[in-house]
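Fold and geometry: a report
The primary structure of each chain is shown beneath.
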Amino acid sequence: MAQILVVKYENQADAKVFEAHYESQADLAVFEVPYDTQANGDALWYQVNYESQATFRIFKVKYESQADLRIFKVKYLEQAGWRVQGHKLQGKLG
């Protein structure tokens, strides 16, 4: 389950994330689900508010060069998934 917590400080994060403007720039296409039970694998994210609920913590960065992971939020579940196979974070978000 990819239950994601957005943290305030970089040193609290498991990864630094850049939100790409275009899907072609992303390592991972992410679909945000409305319920925690729907979060499955790396690409289906449910955003949590507390550290105790999180399976992975991210820090959002302003520039692509600062990021460990580049994501693009998609509108449909079927579009979600890894765009870069063999990424170092593959299988670690959920």
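About the cut-offs
Residues numbered from 1 in each chain as written. Predicted model: local features only at pLDDT ≥ 70, side-chain atom pairs only at ≥ 80, totals over all residues. Heavy atoms only, no water. Core = buried A, V, L, I, M, F, W, Y, C linked by side-chain atoms within 4.5 Å. Buried < 20%, exposed > 50% of the residue type's maximum accessible area, 1.4 Å probe, protein only. Contact = heavy atoms within 4.5 Å. Helix = DSSP H or I, 4+ residues; strand = E, 2+ residues; numbered from the N terminus. Polar contact = N/O pair within 3.5 Å; in protein donor to acceptor, adjacent residues only side chain to side chain. Salt bridge = Lys/Arg side-chain N within 4 Å of Asp/Glu carboxyl O.

Moving on: the nonpolar core. Soluble globular proteins tend to bury their nonpolar side chains together. In this structure, Leu28, Trp45, Phe56, Leu69, Ile71 and Leu93 are the most contacted members of the largest nonpolar core, which totals 15 residues. When sequence neighbours within four positions are dropped, the list of residues in contact with Leu28 reads Asp42, Ala43, Trp45, Leu69, Arg70, Ile71, Phe72, Gly81, Trp82, Arg83 and Leu93. Ranked by size, the runner-up nonpolar core spans 10 residues in total, among them Ala20, Ala26, Val48 and Ala67.

In this section: the side chain of His87. Positionally, His87 belongs in the segment after strand E7 (81-82). Side-chain polar atoms of His87 contact the backbone oxygen of Asp68, separated by 3.3 Å.

Summed over all chains, the structure comprises nine salt bridges. Asp68 is the partner of Lys88 in a salt bridge, and the nearest nitrogen-oxygen pair spans 3.9 Å. Residue Lys88 is found in the segment after E7, and its partner Asp68 is found in the loop between strand E5 (56-60) and strand E6 (69-73); the two are separated by 20 residues along the sequence. Residue classification places Lys88 among the exposed residues on the basis of a relative accessible area of 56%. Salt bridges linked by common partners bring Asp14, Glu51 and Arg57 together as one network.

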